[in-house]
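Chain by chain, the residues run as shown.
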Amino acid sequence: MQRIDKKNYYLDICETILERGTCLRRNFAAIIVKHDEIISTGYTGAPRGRKNCSDIGYCKREELKVPRGTRYELCRSVHAEQNAIISARRQDMLDSTIYLVGKENKTQEYVHNASPCSLCKRFIINAGIKKVIIRESKTDYREIDVSEWIENDESLTGETVY
């Protein structure tokens, strides 16, 4: 038996966590890891005490056919990255890694070209997280050095910063 590498180990755990997600469009899960210890987890879902899209039976963004990556203010959910970050202390997140897995709700396929939204990027930077690892397929992943986001302000807003 071949032993699974650490990155896929955490991504597999993340994939299990995303099964708690309540989005009717696509679900994500996040795990923050530092020194080989899970600091925090999060998944896509409405704020505590509010009804989830899965409870009310519809997604406003889906109904309006809102393109992916836009109009997040219409979404009921808190993103997985945000939920993981608000559940941890900043001092524990400094120089950590956040692992992300996203799946399309209808097909259960991995979200193609997944990436944190611009708001989640800001959360990740302020939390002091050093690296983002995103699952591309069952055995393949992409790594992002957060310092690239800091050096390239365009990636945070989609606009050139003057």
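Residues numbered from 1 in each chain as written. Predicted model: local features only at pLDDT ≥ 70, side-chain atom pairs only at ≥ 80, totals over all residues. Heavy atoms only, no water.

1. Overview of the UniProt feature "binding site: Zn(2+)" (unreviewed entry) in the protein chain
The positions that UniProt labels "binding site: Zn(2+)" (unreviewed entry) are, in the present scheme, His79, Cys117 and Cys120. Of the residues just listed, which span 42 residues, no C-alpha pair is farther apart than 9.1 Å, and they cluster in one region. Among the structural elements, histidine 79 can be located in the loop between helix H3 (60-63) and helix H4 (80-86). In this view, histidine 79 contacts Tyr43, Tyr72, Cys117 and Cys120; residues no more than four positions away in its chain are not counted. (UniProt positions renumbered as here; feature names shortened; annotations may be inferred. Helix = DSSP H or I, 4+ residues; strand = E, 2+ residues; numbered from the N terminus. Contact = heavy atoms within 4.5 Å.)

2. Some words on the state of the cysteines
The tally for this structure, following the rule as stated, stands at 0 disulfides. Cysteine cysteine 23 shares no disulfide, and the gap to the nearest cysteine sulfur, in cysteine 59, comes to 5.3 Å. Summary of cysteine pairing: cysteine 117 is not part of a disulfide, and the nearest cysteine sulfur, belonging to cysteine 120, is at 3.7 Å. Assessed through its relative accessible area of 11%, cysteine 117 is described here as buried. (Disulfide = S-S within 2.5 Å. Buried < 20%, exposed > 50% of the residue type's maximum accessible area, 1.4 Å probe, protein only.)

3. With respect to the UniProt feature "domain: CMP/dCMP-type deaminase" (unreviewed entry) in the protein chain
When the UniProt feature table is mapped onto this chain numbering, "domain: CMP/dCMP-type deaminase" (unreviewed entry) sits at residues 5-148. The span residues 5-148 shows a helical share of 31% and a strand share of 24%, and its end C-alpha atoms are spaced 25 Å apart.

4. What about the sheet that holds strand E1 (residues 26-34)?
Taking strand neighbours across the sheet as the criterion, the 5 strands line up as E2-E1-E3-E4-E5 in an open arrangement whose pairing is mixed. Two strands bound the open sheet, and with one partner strand each, they are strand E2 (37-43) and strand E5 (141-145). Pairwise comparison of adjacent strand axes, ignoring direction, gives a mean angle of 20° for this sheet. Relative to strand E3 (residues 97-104), E1 runs antiparallel, the two sharing 8 bridges. Counted as the bridge partner of alanine 30 is leucine 100 from E3. Against the sheet, helix H1 (residues 6-17) makes contact with E1, E2, E3, strand E4 (131-135) and E5, and its axis sits at roughly 50° relative to E3, the strand it touches most. (Pairing = 2+ DSSP bridges. Axes fitted to C-alpha atoms, helices over the stretch in contact; angles between N-to-C directions.)

5. Observations concerning the nonpolar core
Generally speaking, soluble globular proteins have nonpolar side chains that are buried together. Ranked by internal contacts, the top residues of the largest apolar core, which has 20 residues, are Ile32, Ile85, Met93, Ile98, Ile124, Ile129 and Val132. Of all the secondary-structure elements, those providing two or more residues to this core are E1, H4, E3, helix H6 (118-127), E4 and helix H7 (146-151). For isoleucine 85, the residues in contact, after removing those within four places along its chain, are Ile32, Met93, Phe123, Ile124, Ala127 and Ile129. If you look at the next biggest cluster of nonpolar residues, it comprises 12 residues, including Leu11, Ala29, Val101 and Ile133. (Core = buried A, V, L, I, M, F, W, Y, C linked by side-chain atoms within 4.5 Å.)

6. Let's talk about the packing of aromatic side chains
Each aromatic ring pair is characterised by the separation of its centres together with the angle its planes make. Counting across every chain of the model gives 2 aromatic pairs. Seen from their ring centres, tyrosine 9 and tyrosine 10 are 4.9 Å apart, and the 65° between their planes marks the pair as edge-to-face. Measuring from ring centre to ring centre gives 5.2 Å for tyrosine 10 and tyrosine 99, while their planes differ by 40°; the resulting arrangement is tilted. Residue tyrosine 10 is located in helix H1, and its partner tyrosine 99 is located in strand E3; the two are separated by 89 residues in the primary sequence. As far as the burial class goes, tyrosine 10 and tyrosine 99 line up, both buried. Through successive ring pairs, a cluster of aromatic residues spans Tyr9, Tyr10 and Tyr99. (Phe/Tyr/Trp six-rings, centres within 6.5 Å; stacked < 30°, edge-to-face > 60°.)

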